[in-house]
Amino acid sequence: MNDFHVRTVDDDASIRDWQYAHNLIVPGDVLSLDDVRARTGRNHMEVAYLGDVLIGCTTVRPPTKDNDATATVIARVLPQHRRRGLGTQLYERALDQARALDPQAIETVVLASNPDGLRFAEQHGFVEVERYLLREGDTVPWIDLRLS
């Protein structure tokens, strides 16, 4: 897979690609371009490609006092590119970035309507710690999982 490459979200094109991947995989939390721009200021975000084809994105939320020094790692792979080891590559890259931040714990979050994402997280050592609805009126819960 020598044409697999990852780049930091740092310009309009990468922001649009990250937004596309996020909104496709997380339709219950659609983000605007301004929302994504704001997140780049507080999170480490990357987009991944096979050649010039977008295959997914990652987010590493750093540990803070407000989140009990927990880093959050999220790897998203577009459905047509799953089950090829690409998610594992993205996840391992993001996990290394999170570990470099010396967190007390590492978590991920998956929408309950994404069984592939939930299965992936569990296969990589994450254990469910909480289910919740993000907003009043939501019907699909979010699942927080902690790396054991």
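Everything here concerns the structure above.
Calculation notes
Residues numbered from 1 in each chain as written. Predicted model: local features only at pLDDT ≥ 70, side-chain atom pairs only at ≥ 80, totals over all residues. Heavy atoms only, no water. Phe/Tyr/Trp six-rings, centres within 6.5 Å; stacked < 30°, edge-to-face > 60°. Helix = DSSP H or I, 4+ residues; strand = E, 2+ residues; numbered from the N terminus. Buried < 20%, exposed > 50% of the residue type's maximum accessible area, 1.4 Å probe, protein only. Axes fitted to C-alpha atoms, helices over the stretch in contact; angles between N-to-C directions. Parallel < 35°, antiparallel > 145°, perpendicular 65-115°, else oblique. Contact = heavy atoms within 4.5 Å. Nonpolar A, V, L, I, M, F, W, Y, C, P; charged D, E, K, R; others polar. Pairing = 2+ DSSP bridges. Arc of directions from axis to C-beta.

## With respect to the packing of aromatic side chains
Within this structure, the stated rule accounts for two aromatic pairs. A ring pair is formed by Tyr91 and Phe120, whose centres lie 5.9 Å apart and whose planes are at 85°; its orientation type is edge-to-face. Residue Tyr91 is found in helix H3 (residues 86-99), and its partner Phe120 is found in helix H4 (residues 115-123); the two are separated by 29 residues along the sequence. Residue classification places Tyr91 among the buried positions, given a relative accessible area of 7%.

## Topic: unusual backbone geometry
Even without a glycine there, the phi angle at Asp68 is positive, about 55°. Phi at Ala69 takes a positive value of approximately 60°, unusual for a residue other than glycine.

## Some remarks on the packing of helix H1 (residues 12-25) against helix H2 (residues 33-40)
In a pair of packed helices, the angle between the axes and the distance between the axes together describe the arrangement. With their axes 10 Å apart at the nearest point, H1 and H2 run at an angle of 105° to one another. The orientation of H1 with respect to H2, classified from their angle, is roughly perpendicular. Each of Asp12, Ile15, Arg16, Trp18 and Gln19 in H1 lies in contact with H2, whose residues at this interface are Leu33, Val36 and Arg37. Considering only residue class, the contact of H1 with H2 consists of four nonpolar, one polar and three charged.

## Re the pairing of strand S2 (residues 44-50)
Within a regular strand, side chains alternate between the sheet's two faces. In terms of burial, S2 is largely enclosed, as six of its seven residues are buried. Alignment of strand S1 (residues 4-8) against S2, held across five bridges, turns out to be antiparallel. When the sheet's bridge partners are listed, Arg7 is paired in S2 with Val47. As paired elements, S2 and strand S3 (residues 53-61) share seven bridges and run antiparallel to each other. Each bridged residue has a counterpart across the sheet, and for Ala48 the counterpart in S3 is Gly56. In this structure, the hairpin formed by S2 and S3 is closed by a connection of two residues, where Gly51 is found at a positive phi of approximately 60°.

## Focus: the sheet that holds strand S6 (residues 126-132)
A sheet is described by the order of its strands in space; here seven strands give the open sequence S1-S2-S3-S4-S5-S7-S6, paired in mixed fashion. In the strand order of this sheet, the two ends are held by S1 and S6, each with one partner. Here the average twist between neighbouring strands, direction ignored, is 25°. Most of the contacts of H1 go to S3, to which it runs at about 85°, and overall it touches S1, S2, S3 and strand S4 (70-77).

## Here we look at the environment of Thr139
Along the chain, the position of Thr139 falls in the loop between S6 and strand S7 (142-147). When the C-alpha atoms of Thr139 and Gly28 are compared, they prove to be 9.3 Å apart, with 111 residues separating the residues in sequence.

## A look at H4
It helps to recall that an α-helix has 3.6 residues per turn; residues three or four apart then point in one direction. Within H4, the full set of buried residues consists of Gly117, Leu118 and Ala121. Along H4, the residues classed as buried sweep out an arc of 100° about the axis, all on the same side. Immediately downstream of H4, the backbone of Gly125 shows phi near 95°, a positive value.

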